[in-house]
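Below, each chain spelled out in residue letters.
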Amino acid sequence: MLYLEVMVDFKNFRDLRALVIHPNGNKDDHGDDHISLYLRLINDLDRGCSIDATVKFFIYDYKRRVYLVILGYSTEECIYTVREKEKGFARALPLDDFLSSSNGFLQNGGCMFGAEVFVADAIAKNARLSTLNENTNSIYTWVIEDFSKLSDCELSSMFISEGHPWRLQIHPRGWGTLLNSGLLLYLIPDDTSDLTNGRKFFVQVELRIKNLQNLGDAVGTDCGWFMTPGSGYGIRHLLSVTKIQNPQKGFKIDDTVIVQAKLNYMMKVDNV
């Protein structure tokens, strides 16, 4: 079974949604060997309309009689638009943990999933769209020394691309449900004043961990809207912790790792 879609009726919520479960992981979203959970908007949105939502996912633990709450770093803030009607987590829970008898997620072959949604009113506004860049050749390189001594979360120096300041954020040992599993790498805006008065950016970013023995880089691409301070986009499992620590794999030499970011496409939207 590739995925299961279950209609969900939320009280006082006019937009119909479906809880989408990939029991073997959504491979198209790098969810291999994990349970993937999403909340999909079924209703069509009018052009120029978006819905702000805060979403939590739950998996019931029968053994401990509590819910495992899937939040990521914090409560997941979702912006549903005409083109982005599904939000969630590709790697919500490792499949081995879900199936393990030492945990209580399965009982008599059954399991229980849930979702909680807080929704602000949908808003439609006129906007001005500006394409800032496409297929740029500008690449930011971050040479990380003493990689094994990094804290759980580190920020790169600020760099400028298309006149706007950015930083890379790295979690070298993973985070949340991916702790000690995979390296996380994100692009975040350095100056959140760019995101005031309804301004937002759409960015496609290519993130790369260089292989220092020319055995093939680890590369991933992500895209999305930068709409609120603290927003970021990137790859939640760009490279496994085991692989980056293995000297034969070539991603770390003399405790140095090289990371690169390239903004392939960028456009700006201003409310008018």
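Residues numbered from 1 in each chain as written. Predicted model: local features only at pLDDT ≥ 70, side-chain atom pairs only at ≥ 80, totals over all residues. Heavy atoms only, no water.

A short note on the overall build of the chain
What counts here: Put simply, DSSP H or I for four residues or longer makes a helix, DSSP E for two residues or longer makes a strand, and each gets a number counted from the N terminus. Per-residue accessibility, obtained with a 1.4 Å probe over protein chains only, is compared with the maximum for each type, and a residue is labelled buried under 20%, exposed over 50%, and partly exposed between these values. The contact criterion used throughout is that any non-hydrogen atoms of two residues lie within 4.5 Å. Here the Shrake-Rupley method, with its probe set to 1.4 Å, supplies the accessible areas, and only the displayed protein chains count as covering residues.
In terms of helices and strands, the chain carries two helices and 19 strands. For the chain, the residues scored as buried account for 44% of the 272 residues in total. Put simply, of all contacts in the chain between residues at least 6 apart along the chain, 64% involve residues at least 24 apart. When the accessible surface of the chain is totalled, it reaches about 14,500 Å², and 46% of it is carbon and sulfur.

Focus: the packing of aromatic side chains
Counted only if it meets this: Side-chain rings of Phe, Tyr and Trp, where Trp is taken by its six-membered ring, are said to pair if the distance between their centres is within 6.5 Å; with planes under 30 degrees apart they count as stacked, over 60 as edge-to-face, and otherwise as tilted.
As enumerated under the stated definition, the model contains seven aromatic pairs in all. When the ring of Phe 58 is compared with that of Tyr 67, the centres are 5.8 Å apart and the planes differ by 75 degrees; the resulting orientation is edge-to-face. The class for Phe 58 is buried, based on a relative accessible area of 17%. Each ring, one from Phe 98 and one from Phe 105, has its centre 6.2 Å from the other, and the planes form 15 degrees; the classification is stacked. In textbook terms, an aromatic cluster arises when at least three aromatic residues are bridged by ring pairs, as seen for Phe 58, Tyr 60, Tyr 62 and Tyr 67.

Quick notes on the pattern of salt bridges
Using the following cut-off: By convention in these notes, a salt bridge is any Lys or Arg side-chain nitrogen within 4 Å of a carboxyl oxygen on Asp or Glu.
Here the structure, examined in full by the defined rule, presents eight salt bridges. Asp 217 is the partner of Lys 210 in a salt bridge, and the nearest nitrogen-oxygen pair spans 3.3 Å. Since its relative accessible area comes to 27%, Lys 210 is described here as partly exposed. Here Asp 217 falls in the partly exposed class, since its relative accessible area comes to 28%. What you see here is one network of salt bridges that share partners, running through Glu 206, Arg 208, Lys 210 and Asp 217.

Digging into a negative patch on the surface
What counts, and what does not: What makes a patch is a set of residues exposed beyond 30% relative accessible area and free of salt bridges, joined within 9 Å when like-charged and within 5 Å when nonpolar (Val, Leu, Ile, Met, Phe, Trp, Tyr). In this tally Asp and Glu are treated as negative and Lys and Arg as positive; neither His nor the chain ends contributes. Charge placement uses NZ in Lys and CZ in Arg. For Asp and Glu, CG and CD serve respectively.
The grouping of Asp 32, Asp 33, Asp 96 and Asp 97 at the surface amounts to a negative patch. One can find Asp 32 in the loop between strand 2 (17–22) and strand 3 (34–41).

A short note on the environment of Leu 207
Looking at the element boundaries, Leu 207 is found in strand 16 (residues 200–209). The exposure class assigned to Leu 207 is buried, which follows from its relative accessible area of 0%. Sequence-wise, Leu 207 and Leu 238 are 31 residues apart; in three dimensions their C-alpha atoms are separated by 8.5 Å. For Leu 207, the contacting residues outside a window of four places in its chain are Leu 168, Leu 185, Tyr 186, Ala 218, Val 219, Gly 220, Gly 234, Ile 235, Leu 238, Gln 260 and Ala 261.

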